[in-house]
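Each chain, letter by letter, is given below.
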Amino acid sequence: LQGIFVLGLPYALLHSGYSGLLLIVLAAALCCYTGKILIACLYEENEDGQLIRVRDTYEDIANACCKKLSPSLGGIVVNVTQVVELIMTCVLYLVVSGNLLSHSFPHVPVTEKTWSVITFLTLLPCVFIRTLKIVSKLSQLCSLVHFVILLVVITYCLTQIHQWSWAKFRLSLEFEDFLVSVGVIIFSYTSQIFLPTLEGNMKNPGEFRCMLNWTHFFACILKTTFALTAFLTWGEKTKEVITDNLPSFFETLVNLCLLTKALLSYPLPFFAATEIVYSCVSKGNHSNYRSPLLALAVRGSFLLLTLLMSMFTPHFALLMGLSGSVTGAAMTFLLPSLFHLKLKWKKLSFLEKCTDISVFILGFLCSLAGIVCSIKGLLEVFG
């Protein structure tokens, strides 16, 4: 999903001007920070002052925060939020795959939905994925394809350096367009859903903070370079997805790379969503917790659900924006800062408390603005 959002960054700069460059840096810092405080909520100090991992998942953190109100309420809310966001992400990959194929082969008499079904068939082996190791290998290939896409676009843009002009940047901004830019930039960094599992599976969890710092630093540099070179190349002609600005040969090449990236990206949110549901279904029935038949049924049901939603959900892009504004902002900003304040309040400095509160307020405003824009779009579509 991040790759798809990255392709919209030059368009975001078109509507945010110089402030967009600052937002790319600020979003990297904020998402890195909320990732760290989320992982901090997994640990508590023992009698010797050593940090011990007492929680394993986002659900465990939520339950710890809400245990006085209800032992499982927080976990239920977090799980529902996670599953909704993950399912919408999987559906988006199918929709985008169908769209990319229809644009890459316009002369083939096949509809976009039929292309989505064809890509769905290639994803059927996902029902047999049982461990995170397989998903991580696919994600590595996905990252490689991602770098190829960025390299092709940046290389082409550098060949057009003779026509670059800083005068293309806008100083005056329209508020609604700016909000769209904020959403694209912020959610190109989101990864909080996967962080507890990732940190728990690291050979040396002590290196997690360092890893998070470096990955967000390099992501910020790469995204700034990509967005800036692309926008300086096309200026006011910059399209929503920057590959549409490329010459036909490069556009087809990049679209096929994007298709590969979408197919390789699908297993991660799919695996995460099915594991959450599988754990919830199996809870209280430990004899069936590792039942292969149950796991296969859960994965098969989810795979079919994503296909049906991609085929029959009207105005999916707007619904994705609406759900993303709620679930994305909640999982990235609202809940990490809220949980950190709740669990670590007595040990936080005044500056840390102010930072968490500021992040919460910012996340709430971003979510509210996204909801308003998405609902407005839906109302316009339905007349």
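Scroll up to find the structure this text is about.
Bear in mind the structure is a predicted one, so any value in this text is a computation, not a measurement.

Asker: Would you mind showing me how to read the environment of Ser-97 here?
Answerer: Within the secondary structure, Ser-97 is located in helix α5 (residues 73-104). C-alpha of Ser-97 to C-alpha of Asn-255: the two residues are 158 residues apart in sequence and 9.2 Å apart in space. When residues no more than four places from it in sequence are discounted, the contact partners of Ser-97 are Thr-119, Leu-259, Ala-262 and Leu-263.

Asker: Whenever I open this one, helix α6 (residues 112-122) confuses me. Can you help?
Answerer: Since there are 3.6 residues in each turn of an α-helix, residues three or four apart along the chain are aligned in direction. Every buried residue of α6 is listed here: Trp-115, Ser-116, Thr-119 and Phe-120. What you see down the axis of α6 is that its buried residues fit within an arc of 145°, all on one side. Tucked inside the fold, the buried residues of α6 contact α5, α11 (248-265) and α13 (292-312).

Asker: Looking at this structure, how should I read the packing of helix α12 (residues 267-282) against α13?
Answerer: Two packed helices can be described by the angle between their axes and the distance between those axes. Contact pair α12 / α13: the axes reach a minimum separation of 10 Å and the direction vectors enclose 130°. Compared by their axis directions, α12 and α13 come out oblique. As for the relative orientation of α12 and α13, their crossing is right-handed in sense. The segment α12 lies against α13, with Phe-270, Ala-273, Thr-274, Glu-275, Val-277, Tyr-278, Val-281 and Ser-282 engaging Leu-294, Ala-295, Val-298, Arg-299, Phe-302 and Leu-303. Partitioning the contact of α12 with α13 into residue classes produces ten nonpolar, two polar and two charged.

Each value, and the rule that gives it
- Residues numbered from 1 in each chain as written.
- Predicted model: local features only at pLDDT ≥ 70, side-chain atom pairs only at ≥ 80, totals over all residues.
- Heavy atoms only, no water.
- Helix = DSSP H or I, 4+ residues; strand = E, 2+ residues; numbered from the N terminus.
- Contact = heavy atoms within 4.5 Å.
- Buried < 20%, exposed > 50% of the residue type's maximum accessible area, 1.4 Å probe, protein only.
- Arc of directions from axis to C-beta.
- Axes fitted to C-alpha atoms, helices over the stretch in contact; angles between N-to-C directions.
- Parallel < 35°, antiparallel > 145°, perpendicular 65-115°, else oblique.
- Left-handed = near helix turned anticlockwise from the far one by under 90°.
- Nonpolar A, V, L, I, M, F, W, Y, C, P; charged D, E, K, R; others polar.

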